[in-house]
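For reference, the chains in residue letters:
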Amino acid sequence: MRRPLHTALAGVVATLVLFGAADLLARAFGPPAAPLLALGQTIIPLAPAGLIKPVIDLLGHNDKLFLILTTGLGALVLGGLIGWLASRHLRAATALLGLAGLIPIVVILIRPEAEAPDVIPTVIGLVLGLAVFRLLISLATRPDVENEPESESESESAAPSRRRFFVITGVFGAAGAAAVAAGQTVASLALDAGAAVAKLVLPKPAKTAPPIPASAHPDVKGLAPFVTDPKDFYRIDTALAPPVIDPEEWSLRIHGMVETEVVITMDELLQLPLNEHHITLTCVSNPVGGDLVGNATWLGYPVRELLARAKPLKDADMVLSHSIDGFSASTPIEALLDDRDSLLAVGMNGQPLPPEHGFPARLVVPGLYGFVSATKWVTELEVTRFDEKTAYWTDRGWDAKAPILVASRIDVPKPLEKVAAGDLAVAGTAWAQRSGVKRVDVKLDDGEWTQADLGDEVNIDTWRQWKTGFSDVKAGSHTVTVRAIDQDGNIQTPERRKSIPNSATGHHHIQFRVE
Ligand SMILES: Nc1nc2c(c(=O)[nH]1)N[C@H]1C(S)=C(S)[C@@H](COP(=O)(O)O)O[C@H]1N2
Ligand SMILES: [Mo]
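Being a predicted model, the structure only gives us computed values, none of them experimental. (Residues numbered from 1 in each chain as written. Chains lettered and ligands numbered in written order. Predicted model: local features only at pLDDT ≥ 70, side-chain atom pairs only at ≥ 80, totals over all residues. Heavy atoms only, no water.)

A. Highlighting the overall build of the protein. Along the backbone of the protein there are 13 helices and 19 strands. A compact globule built from 515 residues should have a C-alpha radius of gyration of about 24 Å, whereas the protein, at 30 Å, is more than 25% larger. Across its three principal axes, the protein shows a C-alpha extent of roughly 105 × 55 × 40 Å. Here the protein, with 515 residues, has 50% of them falling under the buried criterion. (Helix = DSSP H or I, 4+ residues; strand = E, 2+ residues; numbered from the N terminus. Rg over C-alpha atoms; globule rule 2.2 N^0.38 Å. Buried < 20%, exposed > 50% of the residue type's maximum accessible area, 1.4 Å probe, protein only.)

So, in structure tokens, the structure goes:
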């Protein structure tokens, strides 16, 4: 007879060895290869939505640690139960342990950020775990241990072998625990976003962006600043929490329909001449008048130059950019090859990208909505064709290509604001990336369109702010409406439509009261 307590302990220690060895080896492969991280991340979307919010509220930034600890404890309990079973059914228990060990392997395989070789550490861990399991069980089954007296005073022959079982079990347990402590999971958790960002020191731009002239921003209280503060910059992504990426471990791989595959590390990227550009980014889901639009000064390297190194094949017409979290965007290749300032960006307004805006590197492509171009946490550019590959949102009913439409927004007055009778100030912003804003028209109630005064154009890829006024506005309820016209003569359409598949349209109007 094997004692259930011994075999259960063997199961726990085998599990520790499995995760310890795998986690330690994963340091050579990167976070996607760490079984604990993969299991934890897979649980996130499975957790009931009603539970996520309270747990995050309760634990704040420790939610990840909590998740990993729970996952690890769960695995140890499972290992212990299987071990316990081995006291009677050794074969079945060994098979079950092997099956349970396949769970993290399968989970790693289905993670979007992982590649096939990422299962190697866990496969090795599983083999080691099973070997340790059988070894400990055989130690626990030695005849002298088997016949161990139940009395307090142990027989003289049983004591040494029992001690040997515990010593060897203890050694493997300690080694497993030490390996977990030194492994990829703990390393990833210890690297908090702030520390990762602090590791990246931006070089001086080879070419700085021209300063924004005061004339670009009409001086009207309530009008959005010309350059958006990163903390006020809209954030749209599918990540529960922004992935934390160690810049020293980041790299970008350019592959697919190219003559030569190219891999570039952060060190190499930062040594290239980086340029600064003011570019206005827009989300296709922005409702008419909404704030899913922001303007920043991006520091980065032209994607054009990177693609030139890889030499795309002639019939490639799309670059599918992949993020570490599985998001992808399909960008028409010409938008990355022509003379516009499409960037692999590392800086935003003079600072490294904030984690929620793509640290350590993202794409910024003038003139295309973010979902087809602005991949954050970007790690791969796959040169391909629209008739071969599709992107994350394209698979969910949105356009494969999505140029930004001319649009405008009123910032002043605010909806339902009460303003004093007399002179009324109206101000806002308008954008028509790639073309430029030629004119902004504003009307009061059902009056004629009147031309607003435009702030100076900084470049055609940034928004253009505007102001106008109406005098002698009488008491009562009023509406102001805006439309923009781009440099190609396209007039913003009044026709209302929903944002899927390629942006809402219609004129923004604001109701306010004069008292
Ligand atoms: N990795 C990743 N990148 C992404 C997204 C995403 O969900 N995941 N969303 C895109 C969309 S829809 C937009 S509009 C922009 C928004 O960028 P921002 O959050 O920095 O404003 O990022 C794009 N890049
Ligand atoms: Mo978006």
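That was the structure; now back to the text.
B. Geometry of the environment of E276. Relative to the assigned elements, E276 resides in strand β3 (residues 275–282). It is 30 Å that separates the C-alpha atoms of E276 and R483, two residues lying 207 residues apart in sequence. Filtering out sequence-adjacent residues up to four positions away, E276 remains in contact with P205, K207, T208, A209, T297, W298 and L299. Within the structure, E276 has its side chain in polar contact with the backbone nitrogen of A209 (distance 2.8 Å). (Contact = heavy atoms within 4.5 Å. Polar contact = N/O pair within 3.5 Å; in protein donor to acceptor, adjacent residues only side chain to side chain.)

C. Molecular detail of the site of ligand 1. The full set close to ligand 1 counts 19 residues, and Y234, D237, H357, R362 and K376 are the nearest of them. Residue Y234 places a main-chain N or O atom 2.6 Å away from an oxygen atom belonging to ligand 1. One nitrogen or oxygen atom from the side chain of H357 is found 2.6 Å from an oxygen atom belonging to ligand 1. For ligand 1, whose accessible area on its own is 530 Å², the fraction buried by protein is 99%. (Near = heavy atom within 4 Å. Areas by Shrake-Rupley, 256 points an atom, 1.4 Å probe, with all protein chains shown as cover.)

D. A look at the side chain of T122. Position of T122 relative to the elements: it lies in helix α6 (residues 120–140). We classify T122 as buried; its relative accessible area is 0%. Excluding residues that lie within four positions of it along the chain, T122 makes contacts with L18, A22, A33, P35, P104, I105 and I108.

E. Highlighting a nonpolar patch on the surface. Residues L96, L99, L102, V106, L109 and I110 make up a contiguous nonpolar surface patch of roughly 560 Å² in combined accessible area. Assignment of secondary structure puts V106 in helix α5 (residues 90–110). (Patch = residues over 30% accessible without salt bridge, like charges linked within 9 Å, V, L, I, M, F, W, Y side chains within 5 Å. Salt bridge = Lys/Arg side-chain N within 4 Å of Asp/Glu carboxyl O.)

F. Structural context of the pattern of salt bridges. If you walk through the whole model with that rule in mind, you get 15 salt bridges. Residue K199 is joined to E248 by a salt bridge in which the shortest nitrogen-to-oxygen separation is 3.4 Å. You can see K199 sitting in helix α10 (residues 193–199) and its partner E248 sitting in the loop between α10 and β1 (251–256), a full 49 residues away along the chain. E457 is the salt-bridge partner of R464, the closest N and O atoms lying 4.0 Å from each other. Taking relative accessible area as the criterion, E457 reaches 35% and is therefore assigned partly exposed. Ionic contacts of the salt-bridge type, sharing partners, join the residues K199, D246 and E248 into one network.

G. Local environment of the packing of helix α1 (residues 4–26) against α6. Orientation of α1 relative to α6, taken along the N-to-C sense of each, is 155°, at an axis distance of 7 Å. Relative to α6, α1 is oriented roughly antiparallel. Here α1 and α6 pass one another in a crossing that is right-handed. For the pair formed by α1 and α6, the contact residues are H6, T7, A10, G11, V13, A14, V17, L18, A21, A22, L25 and A26 on the first element and P121, T122, I124, G125, L126, L128, G129, V132, F133, L136, I137 and A140 on the second. Considered class by class, the residues forming the contact of α1 with α6 number 18 nonpolar, six polar and no charged. (Axes fitted to C-alpha atoms, helices over the stretch in contact; angles between N-to-C directions. Parallel < 35°, antiparallel > 145°, perpendicular 65-115°, else oblique. Left-handed = near helix turned anticlockwise from the far one by under 90°. Nonpolar A, V, L, I, M, F, W, Y, C, P; charged D, E, K, R; others polar.)

H. Local environment of the sheet that holds strand β12 (residues 418–419). Strand order in the open sheet formed by five strands is β12-β19-β18-β14-β15, with mixed pairing between adjacent strands. Strands with a single pairing partner mark the edges of an open sheet, and in this sheet they are β12 and β15 (450–451). Summarising the sheet, strand β14 (residues 437–444) and β15 pair through two bridges and their orientation is antiparallel. Of the residues in β15, the one forming a bridge with D441 is Q451. (Pairing = 2+ DSSP bridges.)

I. Fine view of the sheet that holds strand β5 (residues 318–323). Taking strand neighbours across the sheet as the criterion, the five strands line up as β2-β1-β10-β5-β6 in an open arrangement whose pairing is mixed. Pairing within the sheet leaves two strands with one partner each, and these edge strands are β2 (262–265) and β6 (328–332). The average undirected angle you get between the axes of adjacent strands in this sheet is 15°. Direction of pairing for β5 relative to strand β10 (residues 378–384): antiparallel, over a ladder of six bridges. Looking at β10, one finds that M318 is bridged to T384.

J. The arrangement of the nonpolar core in detail. If you look at the biggest cluster of nonpolar residues, it comprises 67 residues, and the most contacted ones within it are L252, I254, L269, W298, L344 and V383. A domain-level breakdown of this core finds at least three residues from each of domain 2 (214–396) and domain 3 (407–514). Look past the residues within four positions of L269 in its chain and what remains in contact with it is W250, I264, L274, Y301, L344 and V346. (Core = buried A, V, L, I, M, F, W, Y, C linked by side-chain atoms within 4.5 Å. Domains from an automatic or database assignment.)

K. The arrangement of the UniProt feature "transmembrane region" (unreviewed entry) in the protein in detail. When the UniProt feature table is mapped onto this chain numbering, "transmembrane region" (unreviewed entry) sits at residues 64–85, 92–110, 116–137 and 165–183. The distance from the first to the last C-alpha atom of residues 116–137 is 32 Å, and the span holds 82% helix and 0% strand. For the annotated span residues 165–183, helix accounts for 95% and strand for 0% of the residues, and the straight-line distance between the end C-alpha atoms is 26 Å. (UniProt positions renumbered as here; feature names shortened; annotations may be inferred.)

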